[in-house]
Each structure stands twice: as C-alpha cells, then as structure tokens.
Amino acid sequence: MKAIFERRSIRKYTGESISDKDLEELLKAAMAAPSAGNQQSWEFVVIKDRVILKEMVGIHPDGYQMLEDAPLAIMVCGNLDREIYEGYWVQDCSAATENILLAAQSKGLGTVWLGVYPMENRVKALKKMFGLPEKAIPLSIVSVGHPAEKKKPSNRFDQSRIHTNIW
Ligand SMILES: Cc1cc2nc3c(=O)[nH]c(=O)nc-3n(C[C@H](O)[C@H](O)[C@H](O)COP(=O)(O)O)c2cc1C
C-alpha cells in the first residue's frame, strides 16, 4: 500500500545508473502482472543507450523531455501474435506498466509513465526507431532513474466517484 500511495511521477534524475539487479526485478514485476486469460501479450525493450534516449525525446518533446537525463527506459509493447483475446493487449500492457512503476517506487527509484498508444505518430516513430515487428505495438515508455526531486503523496480519493450497486 505504501508504494501505491507514495508513488508520483519523477521527472528529474541524478546521474546514477540503474543496477542490473534492479532492472531485472522491475522486469519480473512487469511480467507478474495479470493478463487476459494469462495470455501475457507483452514484450519489453530496455533502452540504456544515451544517444537513443536523447533521440526518443524528439518523438514528443513536450512529453518525453525527461528521457534526456534518464539512465534507463523500458518500452512496454503489445505483441498481437501472443493475443488469445483480441484487443486485451492494451490492458495487459497497462497492468505490466503499473507494476514497473510500483516496483520502482518500492525500491526508491523514480519513474514516469510516458504515453505512446493510441497516438499514431508516436507509435509509428517508435516502431521505426526500434525496428519493431509489424505485430508489436508500443503502449508506454517508463522512464527510470534515481530521483533528484521529491514529491508529496497526492490524495485523490473522492467519495463522489463511488457508485454502490447502481450509478
Ligand atoms: C497513459 C498515461 C500517459 C502519460 N503520458 C505522459 C507523458 O507523455 N509525459 C509525462 O511527463 N507524463 C505522462 N504521464 C504521467 C501523468 O502526467 C501523471 O501520472 C499524472 O499527472 C499524475 O501525476 P503522478 O503520476 O505524479 O501521480 C502519463 C500517465 C499515463 C497514465
């Protein structure tokens, strides 16, 4: 519960790199996510190359700026060839993305969920940049680093959003 309630988007990072052990645990957390019929329609592209990270900023300069300083990013992609239940890859990959954010939070790492799908221009640019197969669609990019900013937990609980038994 602590990781869920204290997680915030962290967009500023120290220069410190992410250890292989931490990276592996983030990916294990991602693959521990629930998926439709346990189809696990996800694939992950780990980006450590600073030149490529900087290049990715150009795809959406207003939204992907933090990749300029991030030591690492994980692009979460749906693989339509792995789908049993058509269209559910979006939920599968969203659950995997959130698991990465929460695992990182519990390790004291900072992340941001960067939206890709369904923005066609971003999907197209990333598919080209990383040579993704036709059936692979990027859903999100998670920027990961050691936090160089602190944010207070945000309480968004709103009783009026809860509808019991009927709307
Ligand atoms: C689907 C999705 C797409 C997002 N895309 C971006 C993005 O492109 N750039 C960015 O800086 N933050 C992005 N965010 C992060 C949100 O801005 C952030 O989660 C929201 O403002 C709430 O703040 P918090 O994460 O600190 O609680 C995205 C979040 C989600 C869930």
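In case you missed it, the structure is sitting above this.
Everything numeric in this text was worked out from a predicted model, so none of it was measured.

### A look at the sheet that holds strand E4 (residues 136-145)
(1) Moving on: What the four strands build is an open sheet, ordered E1-E2-E4-E3; its pairing is antiparallel. Bordering the open sheet on either side are strand E1 (42-47) and strand E3 (110-115), each of which pairs with just one other strand. Neighbour-to-neighbour, the strand axes of the sheet open up by a mean angle of 25 degrees, direction not taken into account.
(2) Moving on: Across six bridges, E3 lies against E4 in antiparallel orientation. What sits directly across from Trp 113, in E4, is Val 142.
(3) Moving on: Contacting E1, strand E2 (72-79) and E4, helix H2 (residues 20-31) runs over the sheet at an angle of about 160 degrees to E1.
(4) Moving on: Across the sheet, helix H3 (residues 50-57) touches E1, E2 and E4, and the angle it forms with E1 is around 110 degrees.

Basis of the calculations
Residues numbered from 1 in each chain as written. Predicted model: local features only at pLDDT ≥ 70, side-chain atom pairs only at ≥ 80, totals over all residues. Heavy atoms only, no water. Pairing = 2+ DSSP bridges. Helix = DSSP H or I, 4+ residues; strand = E, 2+ residues; numbered from the N terminus. Axes fitted to C-alpha atoms, helices over the stretch in contact; angles between N-to-C directions. Contact = heavy atoms within 4.5 Å.

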